[in-house]
Amino acid sequence: MRLLTHNMLKCHVKNCTDPDKQYPLRFKDVQIEQIEYEPNEEFLVRMLPRLDWTALVKTAKDLNIAIPDSVPEDPASDQEFLQKLHTIIMETHVTDGSMVCDGCSHEYKITKGIANMLLAEHEI
C-alpha cells in the first residue's frame, strides 16, 4: 500500500469514540519496501492539492522518512521537492503490519500490501 493511499483512508467504525482522531490512521509494526517507479511530475503536481499535507508529514515522521514541513510556493518548478514527494507517496510501500485508529483503537491489518478495511457487522 502506497502512502498516497494511506493519506486518503480514515476509520469508519460507527461507534468511534473520538471522530476527530479517525484520521490519519497510525501505522503499527509495519514492514516498508521501496519500489522504484518512473516519476510523473504532472501527476504529482495535480495530486498535491488533494493530499492532506499535515497528515502526510505526521505519517512520514512516524516512519522516520524525511519530508519538508510545508509545500513550496511553486512546487511545479522545485525538482528536489517533486523527487522527495514522488519517493514518499509513490515509491514507499507498506507491505505488512496494521493501521490503528487513535479514536477507537480499531486495527486494520495490512497483508502483502493490501489493507483490509472491512468492518464486522456490529461496527457498521
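Residues numbered from 1 in each chain as written. Predicted model: local features only at pLDDT ≥ 70, side-chain atom pairs only at ≥ 80, totals over all residues. Heavy atoms only, no water.

Asker: Now, about the overall build of the protein chain: what can you tell me, with residues and values included?
Answerer: Each helix and strand counted, the protein chain has 4 helices and 4 strands in total. Mapped from its N terminus to its C terminus, the protein chain presents α and β elements in the order α-β-α-α-α-β-β-β. Its C-alpha radius of gyration of 15 Å places the protein chain within 12% of the 14 Å reference for a compact globule of 124 residues. If you line up the protein chain on its principal axes, its C-alpha atoms span 50 × 30 × 25 Å. Each of the 124 residues in the protein chain was classed as buried or not, and the buried ones make up 40%. Put simply, 67% of the contacts in the protein chain that link residues at least 6 apart link residues at least 24 apart. Carbon and sulfur atoms make up 49% of the accessible area of the protein chain, which totals about 7500 Å². (Helix = DSSP H or I, 4+ residues; strand = E, 2+ residues; numbered from the N terminus. Rg over C-alpha atoms; globule rule 2.2 N^0.38 Å. Buried < 20%, exposed > 50% of the residue type's maximum accessible area, 1.4 Å probe, protein only. Contact = heavy atoms within 4.5 Å. Areas by Shrake-Rupley, 256 points an atom, 1.4 Å probe, with all protein chains shown as cover.)

Asker: Give a description of the environment of His 6 that names residues and reports values.
Answerer: Mapped onto the elements, His 6 comes out in helix H1 (residues 3-6). Overall, the relative accessible area of 2% leaves His 6 in the buried class. Residues His 6 and His 122, spaced 116 residues apart in sequence, show a C-alpha to C-alpha distance of 24 Å. Not counting chain neighbours up to four residues away, the residues in contact with His 6 comprise Met 1, Pro 24, Leu 25, Phe 27, Thr 59 and Met 99. There is a polar contact of 2.7 Å between the side chain of His 6 and the backbone oxygen of Leu 25. (Polar contact = N/O pair within 3.5 Å; in protein donor to acceptor, adjacent residues only side chain to side chain.)

Asker: Can you lay out the nonpolar core for me, pointing to particular residues and giving the numbers?
Answerer: Formed by 31 residues in total, the largest nonpolar core has its most connected members in Phe 27, Trp 53, Leu 56, Leu 85, Ile 89 and Met 99. Contributing elements (two or more residues each) for this core: H1, helix H2 (41-47), helix H3 (53-62), helix H4 (79-91), strand E2 (92-100) and strand E3 (107-111). Not counting the four nearest positions on each side in its chain, Met 99 is found in contact with Met 1, His 6, Leu 9, Leu 25, Arg 26, Phe 27, His 106, Glu 107, Tyr 108, Ile 110, Ala 115 and Met 117. (Core = buried A, V, L, I, M, F, W, Y, C linked by side-chain atoms within 4.5 Å.)

Asker: Outline the pattern of salt bridges, supporting the account with residue identities and numerical values.
Answerer: Throughout the structure, instances matching the rule amount to 7 salt bridges. The shortest N-O distance in the salt bridge between Asp 69 and Lys 61 comes to 2.7 Å. A salt bridge links Lys 109 to Glu 107; the shortest N-O distance between them is 3.1 Å. For Lys 109, a relative accessible area of 47% corresponds to the partly exposed category. Each of Lys 28, Glu 107 and Lys 109 takes part in a single network of salt bridges with overlapping partners. (Salt bridge = Lys/Arg side-chain N within 4 Å of Asp/Glu carboxyl O.)

Asker: Tell me about the sheet that holds strand E4 (residues 114-115), and please be specific about residues and values.
Answerer: Taken in spatial order, the 4 strands make up an open sheet running E1-E2-E3-E4, and their pairing is antiparallel. The open sheet is flanked by strand E1 (26-34) and E4, the only strands paired with a single partner. With 7 bridges connecting them, E1 and E2 associate as antiparallel partners. Considered in E2, the bridge of Gln 34 is made with Thr 92. Across the sheet, H4 touches E1 and E2, and the angle it forms with E2 is around 60°. (Pairing = 2+ DSSP bridges. Axes fitted to C-alpha atoms, helices over the stretch in contact; angles between N-to-C directions.)

Interpretation note: all reported values are geometric properties and have no functional meaning in isolation.
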